[in-house]
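# Structural overview for review
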Amino acid sequence: MGTVTSTSPAAPGDVVGEFAEADAGAVVAVLEAARHAARGWGSGPAHQRARALHHAADAVEGAAGDLTELVVREVGKPLTEARGELARAVSILRYYAQQALDPDGETYPAADGRSLLMARRHPHGVAGLITPWNFPVAIPLWKAAPALAFGNAVVWKPSPDAAATAAALADVLGPALPEAVLSVVQGGGETGRALVDGADCVSFTGSVAVGTEVAVAATRRGVPAQAEMGGLNASVVMPDADLSRAAATVASAAMGYAGQKCTATSRVVVVGDPRPFTEALVAAVEGLPVGDPAREETVVGPVIRADAAQAVLNAARRATADSGTVVTGGRRGEGDGHWVAPTLVVGLTPDADLAQHEVFGPIAALLRARDAEEAVRIANDVSYGLVTALFTRDLDWALDLANRFETGMVKVNAATSGVDFHAPFGGEKRSSIGPREQGKAARDFYTASRTIALSPSA
Ligand code: NAD
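Residues numbered from 1 in each chain as written. Predicted model: local features only at pLDDT ≥ 70, side-chain atom pairs only at ≥ 80, totals over all residues. Heavy atoms only, no water.

## Focus: the sheet that holds strand S9 (residues 225–228)
In a beta sheet, neighbouring strands are held together by backbone hydrogen bonds and run either parallel or antiparallel to one another. For clarity, the cut-off: Criterion used throughout: strands pair if DSSP finds at least two bridges between them. Put simply, DSSP marks the helices as runs of H or I at least four residues long and the strands as runs of E at least two long, and each gets a number from the N terminus on. Residues count as neighbours in contact if any of their non-hydrogen atoms are within 4.5 Å of one another. Axes here refer to lines fitted to C-alpha atoms; in helices the fit is confined to the stretch in contact. Angles between the N-to-C directions go from 0 to 180 degrees.
Pairing is mixed across the open sheet formed by six strands, whose spatial order is S7-S6-S5-S8-S9-S19. The open sheet is flanked by strand S7 (182–184) and strand S19 (432–433), the only strands paired with a single partner. For strand S8 (residues 201–205) and S9, the ladder comprises four bridges, and the chain directions are parallel. Each residue of the ladder has a partner; that of Phe204, found in S9, is Ala227. Across the face of the sheet, helix H8 (residues 208–221) comes into contact with S8, S9 and S19 while running at roughly 175° to S8.

Structure, rendered in structure tokens:
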């Protein structure tokens, strides 16, 4: 079996981690140990799970400085954002520590008025988690924390591009949890497939192509699957919006962390005369601090790999061939790292490649709409459906349009990016398969409901 090697996107010669890949046999062995551990963990008192998750939160809080540095080095996340991700991780663990003590079912009135009719939730056993590299701490924990709180053991396959962060996080969490309740298997697609072949439920975050394959494979086995995938999120700017505030918000939603968030804005739909907003947006994008992610002020760091940088440049080139105009960016940044200048393209029609396919980098298309109706049509006319932002001061527009965007989340006068971990998270269309993540919704995925009727013996 091979080796997983992760390097720093800001300094590709810097090898951050090297790990042996877990082959199918190794994954089966880890799953077996996890299944054994799940029995005691899931049937034990809920307050023990709550306490363990609080200890896990304390441990992550204590290691937050080191983990932040590792996230910056391994995936090129700007320091301020990486700090925020660690703080969120601690909050997620505490939030689900409390949920371990929530009611675990409901009672219903029985037909005879005497029996006890109830629906109780129980854990699946072993939750198989497959995660991307871009939120290497928060995404694994927003899956693992509820999985554990509700009594499952976890086997987690992180992205090879975030392997060292995963190993360090697992080391930090380990002492808070019983043996084999949380395990990491390092590797790529083969390791992921082996996990999908053996877990009792599968939660995936990543690209549409892989997520769809994972969900199909798990469903064939008859185990619950959930896949959170790509986005092609629109920010719709109405003529009455506060243009400079909207421009600043859209610039960071599109280009922050080099556009590598599933919730990043990649299409900007401007209603009415596009010129004043385009000017404001170009100025806002050009004003974003680009550079070393380890610097406090950096907003745009490198992209994850050399092929990701090339994909952004190719997309800009294709957009030009589609009669678009690159108004800023469209070139590599300076230095050895995988730098690409934040790129805006105008003049495309909504069916252009850049306006239809996720690139996952610092590039966005500015599209024109005559009126609100056309803006809704453009926003919805893609196969993705994660999040839409609307910028307006008009309450009627806000109320009307917020209900018509075909996305799992809608933000008014706020960035498409940014997630509230205590609210349900997920998309429509090809962006999501299965129940929502986060908030109280997570329990529905990590447990199954059993209806039990108890009647008097005579
Ligand atoms: P990816 O799909 O390439 O990889 C995701 C994970 O799947 C990795 O751990 C990878 O090793 C694993 N994998 C690859 N092939 C597999 C297979 N055949 N079977 C099982 N597992 C397999 O995605 P990525 O490049 O790591 O992340 C970027 C993508 O993630 C973007 O499309 C982005 O929009 C999406 N994303 C979505 C969300 C969300 O919540 N909707 C959040 C973050 C990122």
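## Re empty space enclosed by the protein
To keep things clear, this is the line we draw: Cavity and pocket criteria rest on a 1 Å grid covering protein atoms alone: a 1.4 Å probe that fits but cannot get out defines a cavity, protein on both sides within 12 Å along at least 5 of 7 lines defines an open pocket, and an atom within 4 Å of a point defines a lining residue. Grid points are joined across faces, edges and corners, and a volume is the space filled by probe spheres set on the points. Gly is put with the polar residues, along with every residue not named as nonpolar or charged; the nonpolar set is Ala, Val, Leu, Ile, Met, Phe, Trp, Tyr, Cys and Pro, and the charged set is Asp, Glu, Lys and Arg.
Here the structure, examined in full by the defined rule, presents five cavities of 30 Å³ or more. At the level of elements, strand S11 (265–271) and strand S14 (363–369) are the ones that each hand at least two residues to the lining of the largest cavity. Residue composition of the lining of the largest cavity, by class: nine nonpolar, seven polar and two charged. Computed from the structure, the second largest cavity encloses a volume of approximately 40 Å³. Taken together, Leu232, Asn233, Ala234, Arg267, Ala379, Val382, Tyr384, Gly385, Leu386, Val387, Thr388 and Thr407 form the lining of the second largest cavity. Secondary-structure elements contributing two or more residues to the lining of the second largest cavity are strand S10 (233–237), strand S15 (384–385) and strand S16 (387–391). Residue composition of the lining of the second largest cavity, grouped by class: seven nonpolar, four polar and one charged.

## Notes on the sheet that holds S14
Within the open sheet, the seven strands sit side by side as S12-S13-S14-S11-S10-S16-S17. Their pairing is mixed. Where the open sheet ends on each side, the last strands, each with one partner, are strand S12 (325–328) and strand S17 (409–412). Neighbouring strand axes in the sheet, compared pairwise and without regard to direction, differ in orientation by 25° on average. Relative to S11, S10 runs parallel, the two sharing five bridges. Across the sheet, the residue bridging to Val237 is Val270, located in S11. Against the sheet, helix H9 (residues 243–255) touches S10, S11, strand S13 (343–346), S14 and S16, its axis set at about 155° to S11.

## Brief notes about the pattern of salt bridges
Defined as follows: A pair is scored as a salt bridge if a Lys or Arg side-chain nitrogen falls within 4 Å of a carboxyl oxygen belonging to Asp or Glu. For every residue, the accessible area (1.4 Å probe, protein chains only) is compared with the maximum for its type, and the residue is labelled buried under 20%, exposed over 50%, or partly exposed between those bounds.
Applying the stated criterion to the full structure yields 22 salt bridges. Between Arg193 and Glu213 there is a salt bridge; the shortest N-O distance is 3.0 Å. Taken as a pair, Arg193 in helix H7 (residues 189–198) and Glu213 in helix H8 lie far apart in primary sequence, 20 residues in all. A relative accessible area of 40% places Arg193 in the partly exposed class. For Glu373, the salt bridge goes to Arg404, with nearest N and O atoms at 2.7 Å. Of the two residues, Glu373 sits in helix H12 (residues 372–380) while Arg404 sits in the loop between helix H13 (395–402) and S17, which places them 31 residues apart along the sequence.

## Brief notes about the site of the ligand
The condition is simple: Put simply, a residue is near a molecule or strand once any heavy atom of it comes within 4 Å of that molecule or strand. Polar contact is the term for a pair of N or O atoms within 3.5 Å; when the atoms are in protein, one must be able to donate a hydrogen and the other to accept it, and sequence-neighboring residues count only if both atoms are side-chain atoms. For the accessible areas, the method is Shrake-Rupley and the probe is 1.4 Å, while residue cover comes only from the protein chains on display. Criterion for pocket placement: a molecule counts as inside a cavity or pocket if more than half of its atoms are within 2 Å of its grid points.
Near the ligand lie 29 residues; those nearest to it are Thr131, Lys157, Ser207, Met229 and Glu358. In this structure, Trp133 approaches the ligand through a side-chain N or O atom, which is 3.4 Å from an oxygen atom. Take Met229: an N or O atom from its main chain is 2.7 Å from a nitrogen atom of the ligand. Starting from 860 Å² of accessible surface for the ligand in isolation, the protein chains cover 89%. At a threshold of 2 Å from the grid points, most atoms of the ligand map onto the largest pocket. Contributing elements (two or more residues each) for the shell around the ligand: H7, S8 and H8.

## Here we look at the packing of helix H3 (residues 64–75) against helix H4 (residues 79–99)
This is how the line gets drawn: Each angle gets one of four labels, with under 35 degrees taken as roughly parallel, over 145 as roughly antiparallel, 65 to 115 as roughly perpendicular, and the rest as oblique. Crossings are sorted by hand: turned counterclockwise from the far helix by less than a right angle, the near helix makes the crossing left-handed, and turned clockwise it makes it right-handed.
Their axes nearest at 9 Å, the elements H3 and H4 cross at an angle of 130°. What the angle tells us is that H3 and H4 run oblique. When you trace H3 past H4, the crossing you get is right-handed. Of H4, the residues touching H3 (which contributes Ala64, Leu67, Thr68, Val71 and Val72) are Leu79, Ala82, Arg83 and Leu86. Each residue belonging to the contact of H3 with H4 can be placed in one class, and the counts come to seven nonpolar, one polar and one charged.

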